[in-house]
Amino acid sequence: MLERRPPQPVPTTALADGSEADDVPFGALQPCVAIRDWLLSEGARLPQADDLLAGLAERLNRIGVPIDRASTAIDTLHSEYSGIGRVWTREAGSTVRLFPHGEVSERAYHESPFFTVHESGEWLLLDLTRAGEDPYSIVPELRAAGYTHYVVAPLFFTNGTRNGITFATRSPEGFRDEDIAILRFVMPALAAVMEMRLVNKQLDHVLRIYVGDEPHRAILSGDIRRGQVKRIRSAILFADMRDYTRISADMTPEEAVDLLNVFFDCLVPPIEREGGEVLKYLGDGLLAIFREPGDDLGGAAKGALTAAESALAALDEANALHLFSVPVTAGIALHHGEAAYGNVGSGQRLDFTVIGRDVNLASRLSRLNRLLGEPLLMSKPFVDFLWGDPEHCGEHQLDGFDEPMAVYKPKAKAAVLERLRA
């Protein structure tokens, strides 16, 4: 939503050289310093960003700044939305709005007062009681709600993002010069705290997106040395698209990406619903694990099987709705055993990945899907955790393993799987 610019000299949100205190009213400096100290200490550690905005507005009101509405618009690094807006009012408290990627959000931004203050670098003060042409679409909305004056201030972060904060009041006198002076005094501290919180949130989110939930927590807790390993018991799921090379041969790179995204939209939600965790996207496939909760009683295996069957059903539905240009099928292999999270790599470039004998076995098992013409196969160690009577598909030699592995398919779902194979 808000523009992200390449690294360059960053404008300042407000002066922070000591002169900002010159215009603060006599007797208000100590309360202003208290607000700034609260921002830099307790405010920086609040669990919710909504609490930061609400806490600031409430403290400003206590020292006489008539805040009836406050809002922020913050650029964010997120796969599903480009920015996040928060609004606090006396009546309703805090609400949150997410701004999706795309032209609609971009157009709304360029027509907003935030764009104006970002381009000018100056604060914008609007008297809402004056009749005439409204320069921004939000003005009639604010006026109808009884607000009399509106202040828009830019928040320039050191990473190049341009963000903003607004304040509105219903006071007939509006914002006095001393009120604006107080706002300018606390603004540099607010910008620093908001950026610090945002950077931490973005780091957490981006790591989770790219390496998975548990690995991202391990990395943030300090597990970044090469060779560190943590073992877990889990069900292991390998899945890939059949004939991807042939299907995508005549596609543009953009069309191939769209194909994979629709394919993964069928596979990933069922995995996550059943408590699974996608650790790796492997070109046209993926690797996921389902952790045992500790009792090793088969909950992970049941969840993995449910996820696999649901993913195949979702893929079947996508084909029926013609979401793919040609019919797309998948092969899924399920195994149960021990996996190890480990930092693997060289120098300053490491990969936090899952490794081990059982991971290799699951990968080799997935190669039998095409050979046996089955969309879903399970190893003997996986089946040992299931109730029911799966259908035995024989014993098969897996590349790199001395002993053959007994392989199974779900018997109860035979009719569905036959339709998926057709």
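We now turn to the structure provided with this report. (Residues numbered from 1 in each chain as written. Predicted model: local features only at pLDDT ≥ 70, side-chain atom pairs only at ≥ 80, totals over all residues. Heavy atoms only, no water.)

Moving on, we come to the overall build of the protein chain. Looking only at helices and strands, the protein chain features 14 helices and 14 strands. Across the 422 residues that make up the protein chain, the buried fraction comes to 49%. For the protein chain, the share of sequence-separated contacts (at least 6 apart) that also reach a separation of at least 24 residues comes to 64%. When the accessible area of the protein chain is evaluated, it comes to approximately 21,400 Å², of which 52% is carbon and sulfur surface. (Helix = DSSP H or I, 4+ residues; strand = E, 2+ residues; numbered from the N terminus. Buried < 20%, exposed > 50% of the residue type's maximum accessible area, 1.4 Å probe, protein only. Contact = heavy atoms within 4.5 Å. Areas by Shrake-Rupley, 256 points an atom, 1.4 Å probe, with all protein chains shown as cover.)

Of all hydrophobic cores here, the largest spans 41 residues; its most connected members are Leu237, Phe263, Leu286, Ile332, Leu334 and Phe382. Among the secondary structure elements, those contributing two or more residues to this core are β7 (229-241), α9 (253-273), β9 (285-291), α10 (299-320), β10 (330-346), β12 (376-379), α13 (380-383) and β14 (405-409). The greatest single-element share of this core, amounting to 10 residues, is contributed by α10. Those residues in contact with Phe263, other than ones at most four positions away along the chain, are Asp240, Met241, Asp284, Leu315, Phe324, Val328, Thr329 and Ala330. Formed by 40 residues, the second largest nonpolar core is a distinct cluster that contains Trp38, Ala54, Phe167 and Met194. (Core = buried A, V, L, I, M, F, W, Y, C linked by side-chain atoms within 4.5 Å.)

Okay, the packing of aromatic side chains next. Taken as a whole, this structure holds three aromatic pairs when the rule is applied. Measuring from ring centre to ring centre gives 5.6 Å for Tyr109 and Phe115, while their planes differ by 85°; the resulting arrangement is edge-to-face. Taking 5.5 Å as the distance between ring centres and 55° as the angle between the ring planes, the aromatic pair formed by Phe263 and Phe264 counts as tilted. Overall, the relative accessible area of 0% leaves Phe263 in the buried class. Through successive ring pairs, a cluster of aromatic residues spans Phe263, Phe264 and Tyr281. It is Arg59 that lies over the ring of Trp38; its NZ or CZ is 3.9 Å from the centre. Just above the ring of Tyr147 sits the side chain of Arg170; from NZ or CZ to the centre is 4.3 Å. (Phe/Tyr/Trp six-rings, centres within 6.5 Å; stacked < 30°, edge-to-face > 60°. Lys NZ or Arg CZ within 6 Å of the ring centre and 35° of its normal.)

For helix α1 (residues 29-45), which comprises 17 residues, the first-to-last C-alpha distance of 24 Å matches the rise-based estimate of 24 Å (1.5 Å per residue) to within 8%. Approximately 40° is the largest bend angle found in α1, and it occurs at Leu39. Of the positions making up α1, those classed as buried are Cys32, Ile35, Trp38, Leu39, Gly43 and Ala44. (Expected span 1.5 Å × (residues − 1). Bend = angle between axes of the 7 residues up to and from the residue.)

Okay, helix α4 (residues 113-120) next. Helical geometry note: an α-helix holds 3.6 residues per turn, so side chains three or four residues apart project in the same direction. The set of residues buried in α4 consists of Pro113, Phe114, Val117 and His118. The arc that holds every buried residue of α4, seen down its axis, measures 140°, which confines them to one face. Tucked into the core, α4 has its buried residues touching β1 (69-75), α3 (103-110), β4 (124-127), β5 (149-156) and β6 (162-169). The first or second residue beyond α4 is Gly121, which carries a positive phi of 75°. (Arc of directions from axis to C-beta.)

Per the stated rule, a full pass over the model turns up 15 salt bridges. Between Asp127 and Arg130 there is a salt bridge; the shortest N-O distance is 3.4 Å. With relative accessibility at 26%, the residue Asp127 sits in the partly exposed group. Among the salt bridges present, the one from Asp384 reaches Lys380, with a minimum N-O distance of 2.6 Å. When its relative accessible area of 48% is taken as the criterion, Asp384 is described as partly exposed. Exposure remark for Lys380: the relative accessible area of 33% places this residue in the partly exposed category. Taken together, the shared-partner salt bridges in this structure form one network comprising Arg176, Glu178 and Asp179. (Salt bridge = Lys/Arg side-chain N within 4 Å of Asp/Glu carboxyl O.)

When two helices pack together, their arrangement is given by the angle between their axes and by how far apart the axes lie. Axis separation between α9 and α10 bottoms out at 8 Å; the angle between their running directions is 150°. Between α9 and α10, the crossing angle belongs to the class labelled roughly antiparallel. Crossing handedness for the pair α9 and α10: right-handed. Residues Phe263, Cys266, Leu267, Pro270, Ile271 and Arg273 of α9 form the contact with α10, whose own contacting residues are Ala307, Ser310, Ala311, Ala314, Leu315 and Ala318. (Axes fitted to C-alpha atoms, helices over the stretch in contact; angles between N-to-C directions. Parallel < 35°, antiparallel > 145°, perpendicular 65-115°, else oblique. Left-handed = near helix turned anticlockwise from the far one by under 90°.)

Quick look at the sheet that holds β5 now. Strand order in the open sheet made by the six strands is β3-β2-β1-β6-β5-β4, with antiparallel pairing throughout. Looking at the sheet topology across the chains shown, the edges are occupied by β3 (93-100) and β4. Averaged over all adjacent pairs, the angle separating strand axes in this sheet is 15°, with direction ignored. For strand β2 (residues 81-89) and β3, the ladder comprises eight bridges, and the chain directions are antiparallel. For Gly85, the partnering residue across the bridge sits in β3 and is Arg97. Where helix α2 (residues 49-62) meets the sheet, its contacts fall on β1, β2, β3 and β6, and the angle it forms with β2 comes to roughly 35°. On the sheet, α4 packs against β1, β4, β5 and β6 and is oriented at approximately 55° with respect to β5. (Pairing = 2+ DSSP bridges.)

With that settled, the discussion passes to a nonpolar patch on the surface. Together, Val229, Val344 and Ile355 line one region of the surface with nonpolar side chains, adding up to about 220 Å² of accessible area. Its location among the elements puts Val229 in strand β7. (Patch = residues over 30% accessible without salt bridge, like charges linked within 9 Å, V, L, I, M, F, W, Y side chains within 5 Å.)

This part covers the environment of Phe26. Topologically, Phe26 is positioned in the segment before α1. Taking relative accessible area as the criterion, Phe26 reaches 89% and is therefore assigned exposed. In this structure the C-alpha to C-alpha distance between Phe26 and Glu178, which are 152 residues apart in sequence, comes to 9.7 Å.

One non-glycine residue with positive phi stands out, namely Asp243, at about 60°. Counting through the fold element by element, Asp243 comes out in the loop between β7 and α8 (244-248). Owing to a relative accessible area of 30%, Asp243 belongs among the partly exposed residues under this scheme. One non-glycine residue, His322, lies in positive phi territory at about 60°. Relative to the helices and strands, His322 is located in the loop between α10 and β10.

Structural measurements only, silent on function.
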